[in-house]
Amino acid sequence: MSSSVVISGSGLWTPEYSVSNEELVDAYNGYAEQFNLTNKDAINSGEVAAKPFSSAEFIEKASGICSRYTYIKDGILDIHRMRPLIPQRNEDELSDQAEIAIHAAKSALKSANKTADDIDVVIVACAYTQRSYPAIAIEVQEALGIKGFGFDMLVACSAATFALHRAYEMLAAGTAKSVLVVNPELTSPQVNYCDRDSHFIFGDVATAVVVENKETVTSEHAFEILSTKAVTQYSNNIRSNFGYVSRANDSDPFAADKLFHQAGRKVFKEVCPMAAEHITEHLARHQLTSEQVNRWWLHQANINMNTLITRKLLGREPSKQEAPIVLDTYANTASAGSIIAFNLYHQDMQAGDYGLLCSFGAGYSIGSLVLKKL
Ligand code: COA
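Since the model is a prediction, treat every value here as computed from it, not as a measurement.

(A) Looking closely at the packing of aromatic side chains. Enumeration according to the criterion identifies 9 aromatic pairs in this entry. Here the aromatic rings of Tyr31 and Phe35 are separated by 6.2 Å at their centres, their planes lie at 40°, and the arrangement is tilted. Within this pair, Tyr31 and its partner Phe35 are both found in helix H1 (residues 21-38), separated by 4 residues, close to a single helical turn. Plain terms: the ring middles of Tyr69 and Tyr330 are 5.1 Å apart, the flat faces sit at 50° to each other, and that makes the pair tilted. In this pair, Tyr69 sits in strand S3 (residues 67-70) while Tyr330 sits in helix H9 (residues 327-330), placing the two residues 261 residues apart along the sequence. Three or more aromatic residues joined by ring pairs form one cluster here, namely Tyr28, Tyr31 and Phe35. The residue whose ring lies beneath Lys51 is Phe35, and the NZ or CZ to ring-centre distance is 5.4 Å.

(B) Broad picture of the environment of Leu37. Secondary-structure assignment places Leu37 in helix H1. In this structure the C-alpha to C-alpha distance between Leu37 and Gln262, which are 225 residues apart in sequence, comes to 27 Å.

(C) Seen up close, the nonpolar core. Of all hydrophobic cores here, the largest spans 47 residues; its most connected members are Ile279, Leu283, Trp296, Ile309, Leu356 and Phe360. Among the elements of the structure, H1, helix H3 (56-63), helix H7 (264-284), strand S11 (295-298), helix H8 (303-314), strand S12 (354-361) and strand S13 (365-373) are those that each provide at least two residues to this core. Counting residues per element, this core draws most heavily on H7, at 8 residues. When sequence neighbours within four positions are dropped, the list of residues in contact with Ile279 reads Trp296, Leu298, Ile309, Leu313, Leu356 and Cys358.

(D) Up close: the layout of surface pockets. Of the volumes computed, that of the second largest pocket is approximately 360 Å³. In terms of lining residues, the second largest pocket is bounded by 18 residues, among which Ile303, Lys320, Ala323, Pro324 and Ile325 are the most central. Sorting the residues of the lining of the second largest pocket by element identifies S11 and H8 as the ones contributing at least two each. At 4 residues, the largest contribution of residues to the lining of the second largest pocket is made by H8. Counted by class, the lining of the second largest pocket contains 9 nonpolar, 5 polar and 4 charged residues.

(E) Structural view of unusual backbone geometry. The amide bond that connects Tyr133 to the next residue, Pro134, takes the cis arrangement and shows omega of -5°. Here Pro134 lies in the loop between strand S4 (121-126) and helix H5 (136-144). Residue Tyr364 is reached from Gly363 by a cis peptide bond, and omega for that bond is -10°. With respect to the helices, strands and loops of the structure, Tyr364 is situated in the loop between S12 and S13.

(F) How the structure looks around H3. For H3, the full list of buried residues reads Ala56, Ile59 and Ser63. When H3 is viewed along its axis, its buried side chains cluster within an angular range of 65° and face the same direction. In this structure, H3 carries Glu57, Phe58 and Lys61 as exposed residues pointing more than 90 degrees from its buried face. Those residues of H3 that are buried are in contact with H1, S3, H8 and H9. Downstream of H3 by a residue or two, Gly64 has a phi angle that is positive, lying close to 85°.

(G) Just the environment of Asn304, in detail. Locating Asn304 in the fold gives a position in helix H8. Residue classification places Asn304 among the partly exposed positions, given a relative accessible area of 32%. For Asn304 and Ser8, which are 296 residues apart along the polypeptide, the C-alpha to C-alpha distance reads 31 Å. With sequence-adjacent residues up to four places away left out, Asn304 is seen in contact with Lys61, Ala62, Ser63 and Phe268. A polar contact is formed between the side chain of Asn304 and the backbone oxygen of Ala62, at a distance of 3.1 Å.

(H) Spatial organisation of the packing of helix H4 (residues 96-112) against H5. Between H4 and H5, the least distance of the axes is 9 Å, while the angle of their chain directions is 55°. On the basis of the axis angle, H4 is oblique to H5. In terms of crossing hand, the pair formed by H4 and H5 is right-handed. Taking contact as the criterion, the partners of Gln97, Ala98, Ala101, Ile102, Ala105 and Lys106 in H4 are, on H5, Ile136, Glu139, Val140, Ala143 and Leu144. Class assignment for the residues of the contact of H4 with H5 results in 8 nonpolar, 1 polar and 2 charged.

(I) Representation of the sheet that holds strand S5 (residues 149-154). In spatial order, the strands read S5-S4-S6-S7-S1-S8-S13-S12-S11; together these 9 strands make up an open sheet with mixed pairing. Unpaired on one side and paired on the other, S5 and S11 mark the two borders of the sheet. Taking each pair of neighbouring strands and ignoring which way they run, the sheet shows an average axis angle of 25°. Bridge analysis of S11 against S12 gives 4 bridges, and the strand direction is parallel. Pairing of Trp296 across the sheet is with Leu356, part of S12. Each of S4, S5 and strand S6 (178-185) is contacted by H5, which is oriented at about 145° to S5, the strand it contacts most. Sheet contacts for H8: S11 and S12; angle to S11, the most-contacted strand, approximately 145°.

What counts, and at which threshold
- Residues numbered from 1 in each chain as written.
- Predicted model: local features only at pLDDT ≥ 70, side-chain atom pairs only at ≥ 80, totals over all residues.
- Heavy atoms only, no water.
- Phe/Tyr/Trp six-rings, centres within 6.5 Å; stacked < 30°, edge-to-face > 60°.
- Helix = DSSP H or I, 4+ residues; strand = E, 2+ residues; numbered from the N terminus.
- Lys NZ or Arg CZ within 6 Å of the ring centre and 35° of its normal.
- Core = buried A, V, L, I, M, F, W, Y, C linked by side-chain atoms within 4.5 Å.
- Buried < 20%, exposed > 50% of the residue type's maximum accessible area, 1.4 Å probe, protein only.
- Contact = heavy atoms within 4.5 Å.
- 1 Å grid on protein atoms, 1.4 Å probe; cavity = no way out; pocket = protein on both sides within 12 Å on 5 of 7 lines; lining within 4 Å.
- Points joined across faces, edges and corners; volume = space filled by probe spheres on them.
- Nonpolar A, V, L, I, M, F, W, Y, C, P; charged D, E, K, R; others polar.
- Arc of directions from axis to C-beta.
- Polar contact = N/O pair within 3.5 Å; in protein donor to acceptor, adjacent residues only side chain to side chain.
- Axes fitted to C-alpha atoms, helices over the stretch in contact; angles between N-to-C directions.
- Parallel < 35°, antiparallel > 145°, perpendicular 65-115°, else oblique.
- Left-handed = near helix turned anticlockwise from the far one by under 90°.
- Pairing = 2+ DSSP bridges.

Have a look at this one:
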């Protein structure tokens, strides 16, 4: 490798609207009551299952989530709709996802002290893209005036870390001078707000990161990427079946299987040990122990998962400063969660401090980066 590869800046765009657990539960319970009344006979004969009621206390205790941000709030709390109302834009208008990506990208460029001329690759990495082509990344590239190339990549909750791996490899191979990785996580259209088990999990956000060579860094807070590590293992326990073949399947695009669904308990049990083992092995590559890591920017899916993983690694509960949690206000934002934590909690770190950025989620997929403050 010719030069060290560095994260030189990051950006965060937070939507204007938020939905509290209480608001969400009120809407869901109103919908459930209506559903149970309408389907009374079918429920009594055992043909249809009654909708159980949700509770804000359960949600906070089971997940650590108190509130989530949404790109558009209209429609989500309407018990006759139970999904956001996002007006369709014309083909000559900026797409919703490109718009939120650009907000985060501009803030990352500013923090990295870079302009569009300094960037030659744009990667849009997230859990869903709102269309197949042209790539959202190319739309973002055009809107920002970046010369070079861009592409989209989907790896569910690990899209951001996997894109940082690609950026790292391009810099190391000398095929890029500076890469902008953007994560426009527009999750709300895929949430099943009629499902008690998952209606509370996700929020919308956009994050972005600039990756470049150490020689060109001029920003104040830069982190060398010491290495990257990824692993995937096929699992049906977190799944969405919505796709371009749905139309040819003659299947219902509103059916529950077309939206996010999961076997939450199984995910919890299987992913936590996988993530802890992955992180231990990754740190060992640098003869580092968990105690030497000053900051843990972990995936934000569930507070109990993060507590379990860090307890396995450290043998104790980490402090809030060591392993920051953003779930309470942002909820699960798919691949952006660990990047939000990084964005909000890195400025106090000292030169030589180590940090571990790690995602875990659908696939299963786990991605991590060992970082060192310059
Ligand atoms: N309100 C009230 N009660 C609820 C509820 C809600 N919204 N959702 C579920 N419950 C009930 C269940 O029906 C169940 O009742 P029972 O014991 O009478 O059957 C009980 O609460 C426990 O449900 P369970 O699904 O086992 O809860 P949990 O403690 O596993 O928490 C998750 C659910 C989703 C928060 C948790 O499994 C989880 O976070 N898993 C990790 C996976 C993840 O977050 N993936 C995101 C994608 S990366």
